[in-house]
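# Coordinate analysis (summary)
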Amino acid sequence: AWVETNLASSASAVKILVAHVSPRDSARFSEEQIIEWETLVTSFGVDYFINGHDHTYADGSFGDAALITIGSPSRGAYLELNINSGDVSHKKVSF
């Protein structure tokens, strides 16, 4: 599929997937689909999976990737993602 093809051909030191909903959203994905997402993330060395939809901030992991939910800056926070020569870090910024 498109995602696998692009991840496989990527020479980027940092791989980031961005989606509207969390890959753990059991209202939208079956358990099998969630496992498929996790396998994809781990197999292709994804560093970050960033999603919105939920209007809260959450910071965790999914497979080998950091899983960040940041749904709405109107809630007083946004995600700062810093990528520098293959090193990546993030932080929640509140305002």
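The structure displayed is predicted, hence computed values, not measured ones.

Rules behind the numbers
- Residues numbered from 1 in each chain as written.
- Predicted model: local features only at pLDDT ≥ 70, side-chain atom pairs only at ≥ 80, totals over all residues.
- Heavy atoms only, no water.
- Helix = DSSP H or I, 4+ residues; strand = E, 2+ residues; numbered from the N terminus.
- Buried < 20%, exposed > 50% of the residue type's maximum accessible area, 1.4 Å probe, protein only.
- Polar contact = N/O pair within 3.5 Å; in protein donor to acceptor, adjacent residues only side chain to side chain.
- Contact = heavy atoms within 4.5 Å.
- Expected span 1.5 Å × (residues − 1).
- Arc of directions from axis to C-beta.
- Pairing = 2+ DSSP bridges.
- Core = buried A, V, L, I, M, F, W, Y, C linked by side-chain atoms within 4.5 Å.
- Salt bridge = Lys/Arg side-chain N within 4 Å of Asp/Glu carboxyl O.

Summarising the element assignment, Ser-22 is placed in the loop between strand 1 (16-19) and helix 2 (31-43). Judged by its relative accessible area of 11%, Ser-22 falls in the buried class. At 3.0 Å, the side chain of Ser-22 and the backbone nitrogen of Arg-24 are in polar contact. Ignoring any residue separated from it by four or fewer positions in sequence, one finds Ser-22 in contact with Phe-29, Asn-51 and Leu-67.

So, about helix 2. With 13 residues, helix 2 should cover 18 Å at 1.5 Å per step; its first-to-last C-alpha distance of 18 Å lies within 8% of that length. Every buried residue belonging to helix 2 is among Ile-34, Leu-40 and Val-41, and all of these are buried. Considered in projection along helix 2, the buried side chains sweep an arc of 125 degrees and stay on one side of the axis. In helix 2, those exposed residues whose orientation departs by more than 90 degrees from the buried face are Glu-31, Glu-32 and Ser-43. Residues of helix 2 that are buried make contact with helix 1 (2-9), strand 1, strand 2 (48-51), strand 3 (57-62) and strand 4 (65-70).

Quick look at the pairing of strand 1 now. Examined bridge by bridge, strand 1 and strand 2 share 4 bridges and lie parallel to one another. Its bridge partner lying in strand 2, Ala-19 is registered against Asn-51.

On to the nonpolar core. Within the largest apolar cluster, 12 residues are counted, these being Leu-7, Leu-17, Val-21, Phe-29, Ile-34, Leu-40, Val-41, Val-46, Phe-49, Phe-62, Ala-65 and Leu-67. Elements with a minimum of two residues in this core: helix 2 and strand 4. Ranked by the residues each element gives to this core, the list is headed by helix 2, at 3 residues. Counting 7 residues, the second largest nonpolar core, distinct from the first, contains Tyr-48, Ile-50, Ala-66 and Leu-79.

In this section: the pattern of salt bridges. Overall, the coordinates contain 2 salt bridges when judged by the stated rule. Of the charged contacts in the structure, one is a salt bridge between Asp-25 and Arg-28, with a shortest N-O distance of 2.9 Å. On the basis of relative accessibility, which here comes to 45%, the residue Arg-28 falls in the partly exposed class. Taking the shortest distance from any N to any O, the salt bridge between Glu-80 and Lys-91 comes out at 3.8 Å. Pair noted here: Glu-80 is in strand 5 (residues 77-84) and Lys-91 is in strand 6 (residues 87-94), with a separation of 11 residues, a long-range link. Residue Glu-80 is classed as partly exposed on the basis of its relative accessible area of 26%.

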